[in-house]
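# Fold and contact review
Next come the chains, spelled out residue by residue.
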Amino acid sequence: MAESTAGRQDKYPQVEVRHTVVRGHPVRVLSDAAQWAVLLVVGSRGLGGFSGLLLGSVSQGLLHHAPCPVAVVPHANGE
């Protein structure tokens, strides 16, 4: 995680970056973590025959249970 976010704090000092490892079901853990969030951003790998049209179980669960708006960002090929 630290590698993938390296340099972001310097580039965007107004954005708080925290690294936390938590055990549990992803929908519950992310919903709990987003309790005071303005927006929850999650990725989607777009697996399956209808890549990009279907959301995974975590994305769908968050859309139903998150305490804030959820943005589902598709995975860019090759990244």
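Report on the accompanying structure. (Residues numbered from 1 in each chain as written. Predicted model: local features only at pLDDT ≥ 70, side-chain atom pairs only at ≥ 80, totals over all residues. Heavy atoms only, no water.)

Tracing the sequence through the fold places Cys68 in the loop between α4 (57-65) and β2 (70-74). A sequence separation of 34 residues divides Cys68 from Ala34, and the C-alpha atoms of the two residues are 7.0 Å apart. (Helix = DSSP H or I, 4+ residues; strand = E, 2+ residues; numbered from the N terminus.)

Taken as a whole, the largest pocket holds about 1000 Å³ of empty space. Lining the largest pocket are 21 residues; nearest its centre among them are Arg18, Leu30, Ala33, Leu40 and Val41. For the lining of the largest pocket, the secondary structure elements donating two or more residues are α3 (26-33) and β1 (40-44). In terms of residues, the lining of the largest pocket owes the most to one element, α3, which gives four residues. (1 Å grid on protein atoms, 1.4 Å probe; cavity = no way out; pocket = protein on both sides within 12 Å on 5 of 7 lines; lining within 4 Å. Points joined across faces, edges and corners; volume = space filled by probe spheres on them.)

This brings us to a nonpolar patch on the surface. Together, Val38, Leu39, Val41 and Val73 make up an exposed nonpolar region whose accessible area comes to about 380 Å². Inspection of the secondary structure assignment puts Leu39 in the loop between α3 and β1. (Patch = residues over 30% accessible without salt bridge, like charges linked within 9 Å, V, L, I, M, F, W, Y side chains within 5 Å. Areas by Shrake-Rupley, 256 points an atom, 1.4 Å probe, with all protein chains shown as cover. Salt bridge = Lys/Arg side-chain N within 4 Å of Asp/Glu carboxyl O.)

Attention now goes to the environment of Asp32. By the secondary structure assignment, Asp32 is in helix α3. Separated by 34 residues in sequence, Asp32 and Ala66 place their C-alpha atoms 8.0 Å apart.

Another point: the packing of α3 against α4. Axis separation between α3 and α4 bottoms out at 9 Å; the angle between their running directions is 40 degrees. With respect to each other, α3 and α4 are oriented oblique. The chirality of how α3 crosses α4 is right-handed. Contacts between α3 and α4 pair Pro26, Val27, Leu30 and Ser31 from the former with Ser57, Val58, Gly61, Leu62 and His65 from the latter. Residues of the contact of α3 with α4, tallied by class, amount to five nonpolar, four polar and no charged. (Axes fitted to C-alpha atoms, helices over the stretch in contact; angles between N-to-C directions. Parallel < 35°, antiparallel > 145°, perpendicular 65-115°, else oblique. Left-handed = near helix turned anticlockwise from the far one by under 90°. Contact = heavy atoms within 4.5 Å. Nonpolar A, V, L, I, M, F, W, Y, C, P; charged D, E, K, R; others polar.)

This brings us to the side chain of Ser31. Considering the arrangement of structural elements, one finds Ser31 in helix α3. When its relative accessible area of 8% is taken as the criterion, Ser31 is described as buried. Contacts of Ser31, omitting those with residues within four sequence positions, involve Leu62, His65, Ala66 and Pro67. (Buried < 20%, exposed > 50% of the residue type's maximum accessible area, 1.4 Å probe, protein only.)

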